[in-house]
Amino acid sequence: MQSFFLGLKCPWTGWSMLSKHPSLKVRLIIPYSIIALVFALLVYLFTAEGVSLIHSFVHQILATIHLDSDQMTQMNMLQKILFYPLLYLLKVLFYLISAALVMLLTLMLGNILCAFFWELLIEEVFKIEGKAQWVFQHESLLHRIVTPLAREVVKELMYLLFFIAAWLCTIIPVIGPMISLVLGPVVICFWFGFIVSDFSMSVMAAKVKQRLIYGRSKWLYLTGMGVYALVPIVGLVIYPLFIIGHAKNIVTHDKLIPSPDVYV
């Protein structure tokens, strides 16, 4: 469990290092601006289209159970009593789901667009910690920008598939909801942690097999780091702290250092 708690402390490790090194703070200006822009765009799209869709969908659901707002005068007393509590309950539920989706999409799109900048952040951590030899830099700047972006698209699509798979498990009678509630969060936490760790492996130019071996051998640590993914807004706001914290951890904790052939 020591590895799990080490992963749990990862953002605090990142915050401690960030507060000591102004060069890291400078490297956060562009990615945070990108994330803020993505978030603002998604909120705008939701307020422009999503709100009316939620209201329409809620009224359709109520209409199917004979609580149509256009037929209030024809409802009996029980239906009138149930109408408004159900109306507001359904609206609150769908607003919460929508807010979670906005946060999730902001995190995913932000990660894709900021992949290059996350790697720059890790490079700076390695250099500060005296591990400049761990940094691999391709000669082509275009290659350095496009490659992490394309790699992140694949990882985020897999992350989304895990969310969908966890939801689909609930369809299985009896054991489905239990599987979804028990295994779903664990898988999501692990993959969140793996995505964070993979940025450091990218800076080291590790092969896919080496990354998978690292993920399998450090799964408890990565799962502890990913616990914060269960609260979308937390994972979104402090995401850079995971990037910095993990880069710091693999430098200072021998058991987290990748195998030597990764960076030699």
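Here the structure is shown first, and the text comes after it.
Sequence order as written defines the numbering, with residues in each chain counted from 1. Local features in this predicted model are restricted to residues whose pLDDT is 70 or higher, and side-chain atom pairs enter the listing and the counts only when it is 80 or higher, whereas totals over whole chains, interfaces and linings include all residues. Neither water nor hydrogens contribute to the side-chain values; these are computed over all heavy atoms in the structure.

*Asks:* Outline the overall build of the chain, listing residues and values.
*Replies:* Check the secondary structure of the chain and you find 11 helices and 0 strands. Among the 264 residues that make up the chain, the fraction classed as buried is 41%. Contacts: residue pairs with any heavy atoms within 4.5 Å of one another. Considering only residue pairs separated by 6 or more positions, the chain has 80% of its internal contacts joining residues 24 or more positions apart. Elements are defined by DSSP. Helices are runs of H or I of four residues or more, strands are runs of E of two residues or more, and each kind is numbered from the N terminus. Think of it in three bands: with a 1.4 Å probe and only protein chains considered, a residue is buried below 20% of the maximum accessible area for its type, exposed above 50%, and partly exposed in between.

*Asks:* Outline helix 11 (residues 239-252), supporting the account with residue identities and numerical values.
*Replies:* Expected helix span is given by 1.5 Å per residue-to-residue step, counting one fewer step than there are residues. The end-to-end C-alpha separation of helix 11 is 20 Å, in line with the 20 Å expected for 14 residues at 1.5 Å each. For helix 11, a buried count of 12 out of 14 residues is recorded, marking the element as mostly surrounded by other parts of the structure. Listing the buried residues of helix 11 in full gives Tyr239, Pro240, Leu241, Phe242, Ile243, Ile244, Gly245, His246, Ala247, Asn249, Ile250 and Val251.

*Asks:* Please provide a residue-by-residue account of the packing of aromatic side chains, values included.
*Replies:* Note on aromatic pairs: the rings of Phe, Tyr and Trp (six-membered ring only in Trp) are paired at centre separations within 6.5 Å, and the planes decide the class, stacked below 30 degrees, edge-to-face beyond 60, tilted for the rest. Scanning the model with the defined rule gives 11 aromatic pairs in all. Each ring, one from Trp118 and one from Tyr239, has its centre 5.9 Å from the other, and the planes form 45°; the classification is tilted. Here the residue Trp118 occupies a position in helix 5 (residues 77-128), and Tyr239 occupies one in helix 11, the gap between them amounting to 121 residues. Each member of the pair, Trp118 as well as Tyr239, is classed as buried. Consider the rings of Tyr228 and Phe242, whose centres lie 5.3 Å apart with planes at 65°: the pair is edge-to-face. Remark: Phe242 occurs in helix 11 and Tyr228 occurs in the loop between helix 9 (219-226) and helix 10 (232-237); sequence separation between them is 14 residues. The exposure class assigned to Tyr228 is buried, which follows from its relative accessible area of 16%.

*Asks:* Account for unusual backbone geometry, with residues named and values stated.
*Replies:* Positioned with a positive phi, Ala205 is a non-glycine residue whose angle comes to about 60°. Tracing the chain through its elements places Ala205 in the loop between helix 7 (175-203) and helix 8 (208-217).

*Asks:* Break down the environment of Val196 for me, with residues and values.
*Replies:* Tracing the backbone shows Val196 in helix 7. Taking the relative accessible area as the measure of exposure, Val196 reaches 0% and is therefore buried. Taking C-alpha positions, Val196 is 8.7 Å from Tyr239, a pair spaced 43 residues apart along the chain. Sequence-distant contacts of Val196, defined by excluding residues within four places in its chain, comprise Met225, Tyr239, Phe242, Ile243 and His246.

So, to be careful, I would describe these as geometric facts and stop short of saying anything about function.
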